[in-house]
Amino acid sequence: MLNDEIDELQRHGFTSKFGHSFVRFIFVADYKFMLLCFGMKSANSKNACLYCEQTNVNYFFGGLQWRNVLAPKKPGCKLETLLPCFGLADTAVDTMHLFFRVTDKLFDFVAKELSETPDALRAFEAALAEAGIRNRLRKNEQGALEFSGLNSKDREKMLDLLCQTPLSLPDTNRAKQLQALHRKFRACYDLLKSSDDPEQIRETTHAFISLFGILYQKIAVTPYMHILAHHCHELVELHGCLGKFNQQSVEKANDTVKTSFYRNSNFLHGPLQVIQKANRVLSVKVNAFSSPPAEQSL
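For clarity, every value in this text was computed on a predicted model and none was experimentally measured. (Residues numbered from 1 in each chain as written. Predicted model: local features only at pLDDT ≥ 70, side-chain atom pairs only at ≥ 80, totals over all residues. Heavy atoms only, no water.)

Draft legend 1. Fine view of the overall build of the protein chain. Across its full length, the protein chain carries eleven helices and four strands. Every one of the 298 residues in the protein chain was classed for burial, and the buried ones make up 42%. Looking at the protein chain alone, contacts between residues at least 24 apart form 60% of all its contacts between residues at least 6 apart. Accessible area of the protein chain: about 17,400 Å², with a carbon and sulfur share of 54%. (Helix = DSSP H or I, 4+ residues; strand = E, 2+ residues; numbered from the N terminus. Buried < 20%, exposed > 50% of the residue type's maximum accessible area, 1.4 Å probe, protein only. Contact = heavy atoms within 4.5 Å. Areas by Shrake-Rupley, 256 points an atom, 1.4 Å probe, with all protein chains shown as cover.)

Draft legend 2. Structural view of helix α4 (residues 118-131). Here α4 contains 14 residues, and its C-alpha end-to-end distance of 20 Å stays within 8% of the 20 Å for a straight helix at 1.5 Å per residue. When α4 is considered as a whole, its buried residues turn out to be Ala 120, Leu 121, Phe 124 and Leu 128. Down the axis of α4, the buried set is contained in an arc of 100°. They therefore lie on one face. Exposed residues on α4 whose side chains face more than 90 degrees from its buried face are Asp 119, Arg 122 and Glu 130. In this fold, the buried residues of α4 make contact with α3 (95-115), β3 (137-139), β4 (145-147) and α5 (152-164). (Expected span 1.5 Å × (residues − 1). Arc of directions from axis to C-beta.)

Draft legend 3. Just the environment of Asp 197, in detail. Inspection of the secondary structure puts Asp 197 in the loop between α6 (172-194) and α7 (198-215). Separated by 43 residues in sequence, Asp 197 and Gly 240 place their C-alpha atoms 7.8 Å apart. In this structure the side chain of Asp 197 is engaged in a polar contact, spanning 3.1 Å, whose partner is the backbone nitrogen of Glu 199. (Polar contact = N/O pair within 3.5 Å; in protein donor to acceptor, adjacent residues only side chain to side chain.)

Draft legend 4. Structural view of the packing of α7 against helix α9 (residues 232-239). For the pair α7 and α9, the least separation of the axes is 8 Å and the interaxial angle reads 165°. It follows that α7 is roughly antiparallel to α9 by the angle criterion. When you trace α7 past α9, the crossing you get is right-handed. The residues of α9 that touch α7, namely those facing Pro 198, Ile 201 and Arg 202, are His 233, Val 236 and Glu 237. Taken together, the residues of the contact of α7 with α9 sort by class into three nonpolar, one polar and two charged. (Axes fitted to C-alpha atoms, helices over the stretch in contact; angles between N-to-C directions. Parallel < 35°, antiparallel > 145°, perpendicular 65-115°, else oblique. Left-handed = near helix turned anticlockwise from the far one by under 90°. Nonpolar A, V, L, I, M, F, W, Y, C, P; charged D, E, K, R; others polar.)

Draft legend 5. Layout of the packing of helix α8 (residues 223-230) against α9. Where α8 meets α9, the closest approach of the two axes is 4 Å, and the angle between their N-to-C directions is 60°. The orientation of α8 relative to α9 falls into the category oblique. Residue-level inspection shows Ile 227, Leu 228, Ala 229 and His 230 of α8 in contact with α9, the latter providing Cys 232, His 233 and Glu 234. Of the residues assigned to the contact of α8 with α9, the class counts are four nonpolar, two polar and one charged.

What follows is the structure in C-alpha cells.
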C-alpha cells in the first residue's frame, strides 16, 4: 500500500488549491535502517555498501560501478527490498549520521593514541575541560579508553579542538599528521553541508581517505567512510547539496519522545500520554502564533 501510494504520487502528482504539483521522494535514514529496508545484510557484512559491490576489506578503494539491482543472491543482499518504489538514485546519505559514525572511528583512534602516552592524555583532558566538553574519556568493559555520551555539540567542539591543536604526543610529526587528518575531515563535512560541486567534494574526500589509509590500516575504513570518499560526490550529482538531508530534527524529536515517555509513572498508557502532550504543546504554539498581539498600555 505504501509503495503504491508513493509511486502514484511520483507519477501523477497531486492537486491542491495552489494547482497541480509533482513530487519526488528521496529516502534518507540511518545507514543500518537503510540496509534493512533494502533487504541487505548488516553493516559489518562482507558487502555492506548500498551503492556498489565492494568488499569490506577493500572499502579504501573505489572505482566500482553502481549496483544494477538489489535482489536476493546478489552480493550483500538476502531479502527482497521492502521499498521497491525507491531505486538507489532515490536515496541519499544523512549528513548527521555520517558525521557521528566517522567521528566515532576517528575519536576511537585518538583515545588509543592517548592511552599510550599518559602525559598527552592529561593534557588533552585539560583541553576538553577548558573547551566545556563534559563527557570525558572512560574505560569500557574491555578496559580500553573511549569517549562516551558525546552529543552533536560536543563532537563539533572536540573536532575543532583536534583541528586547532596537535596532540601532545612524543612523536610531533605523528601529532601533526593526525591534526591534518582531522582538518581534512572537517573540510569534507563542511563541504557536504554547503557545496553542490561534486568535483570539489570528490577531491576533498579522496584527500581525507588517502591520509587515513597512510596513518591507519586501509582495512579500518568503515562503510560510512567508503561512501564519503567514493559515493558522496555521485549523490551530489544526483541531488545537489547533501546538507538538506539532515535528520537532526528527527533525532531531536526522538529524544524528546523518549524523555517524555520515561518520565511517565504509567508506562501502559505512555504512548497515549506522549501524543496528548505533543498535541497540547502544538496547540499552544499555533494559538500563540495566530492570536493578535496584546495591546500595550501606556
